[in-house]
Amino acid sequence: MLPAGQPKFRRRPADRPAEILAAALEVFAERGFQAARLEEVAKRAGVSKGALYLYFETKADLFRAVVTDAISPNLEHVKALASADVPFEQAARLGVGMLARTVVTDRRITGVVKLVIAESRNHPELATIWHETVVEPGLQLMSGLIAAAQGRGEIRPGDPRLFAMGLMGPMVLSMVWRETFEPIGAQRLDVVALAEQHLDTVLRGMRP
């Protein structure tokens, strides 16, 4: 029997970073970067503020880890599609469709996007983190897929990076719409339907 006052279980140290990141994602999405307090993150994660500092020295370090944890798995899924040696159109539909169903419909992630747009003027490190962690890796991955497809004759000549931006643009617009206009009563956006219709239009234009 446990002595009086001793907790029934003790969290494993290896579990704590995941708990902290999950709590931080919620706090950043709800409060924004400036107003987010590490005390609240620690409380939601069930750890002390001192324990949080064992893993993350600054709020910016925590934000970078949150972005990496929330987005990188989705990029890895797209990379897996790229390595599966499937036609570009199939990979694009699967990859963009997955982002529409998972990332863009996750209010926590769209809240972080709103945070970056709203606060990057005063905190340029947020834009740097988002660009280095999400935007540039995603563009490079999609551009590489497009360039390879051009080499196989699946896609007409053109700048692969601009093609990639054209494919992904509506996903960014969807995040802004959901965070800026839906809260004031604008019509709810069907992100998956938008992605499917946009892909139908753009992929036809990219064919040789």
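Attention here is on the structure that accompanies the text. (Residues numbered from 1 in each chain as written. Predicted model: local features only at pLDDT ≥ 70, side-chain atom pairs only at ≥ 80, totals over all residues. Heavy atoms only, no water.)

## Notes on the packing of aromatic side chains
Two descriptors summarise a pair of aromatic rings, namely the distance from one centre to the other and the angle between the planes of the rings.
Item 1. Per the stated rule, a full pass over the model turns up 5 aromatic pairs.
Item 2. The interplanar angle of 85 degrees and the centroid separation of 6.0 Å between the aromatic rings of Phe33 and Phe63 together place this pair among those described as edge-to-face. Note that Phe33 is positioned in the loop between α1 (16–31) and α2 (38–45) and Phe63 in helix α4 (residues 59–83), a separation of 30 residues in sequence.
Item 3. Between the aromatic rings of Trp177 and Phe181, the centroid separation amounts to 5.2 Å while the plane-to-plane angle is 55 degrees, which identifies the pairing as tilted.
Item 4. The exposure class assigned to Trp177 is partly exposed, which follows from its relative accessible area of 29%.
Item 5. Of the aromatic side chains, those joined through ring pairs into one cluster are Phe28, Phe33 and Phe63.
Item 6. Lying across the ring of Phe33, Lys59 places its NZ or CZ 4.8 Å from the centre. (Phe/Tyr/Trp six-rings, centres within 6.5 Å; stacked < 30°, edge-to-face > 60°. Helix = DSSP H or I, 4+ residues; strand = E, 2+ residues; numbered from the N terminus. Buried < 20%, exposed > 50% of the residue type's maximum accessible area, 1.4 Å probe, protein only. Lys NZ or Arg CZ within 6 Å of the ring centre and 35° of its normal.)

## Things to note about the layout of surface pockets
Item 1. Size it by volume and the largest pocket reaches roughly 660 Å³.
Item 2. Lining the largest pocket are 27 residues, with Trp130, Val134, Val135, Met168 and Val172 sitting closest to its centre.
Item 3. Only α4, α5 (88–102), α6 (107–119), α7 (124–151) and α8 (160–180) provide two or more residues apiece to the lining of the largest pocket.
Item 4. Along the lines of polarity and charge, the residues of the lining of the largest pocket split into 22 nonpolar, 5 polar and no charged. (1 Å grid on protein atoms, 1.4 Å probe; cavity = no way out; pocket = protein on both sides within 12 Å on 5 of 7 lines; lining within 4 Å. Points joined across faces, edges and corners; volume = space filled by probe spheres on them. Nonpolar A, V, L, I, M, F, W, Y, C, P; charged D, E, K, R; others polar.)

## What to know about empty space enclosed by the protein
Gaps between atoms show up when a probe of the same size as a water molecule is rolled over them.
Item 1. Scanning the model with the defined rule gives 1 cavity of 30 Å³ or more in all.
Item 2. Lining the largest cavity we find Leu25, Val66, Val67, Ala70, Ile71, Ile109, Val112 and Trp130.
Item 3. For the lining of the largest cavity, the secondary structure elements donating two or more residues are α4 and α6.
Item 4. No other element matches α4, which puts 4 residues into the lining of the largest cavity.
Item 5. Classifying every residue of the lining of the largest cavity gives 8 nonpolar, no polar and no charged.

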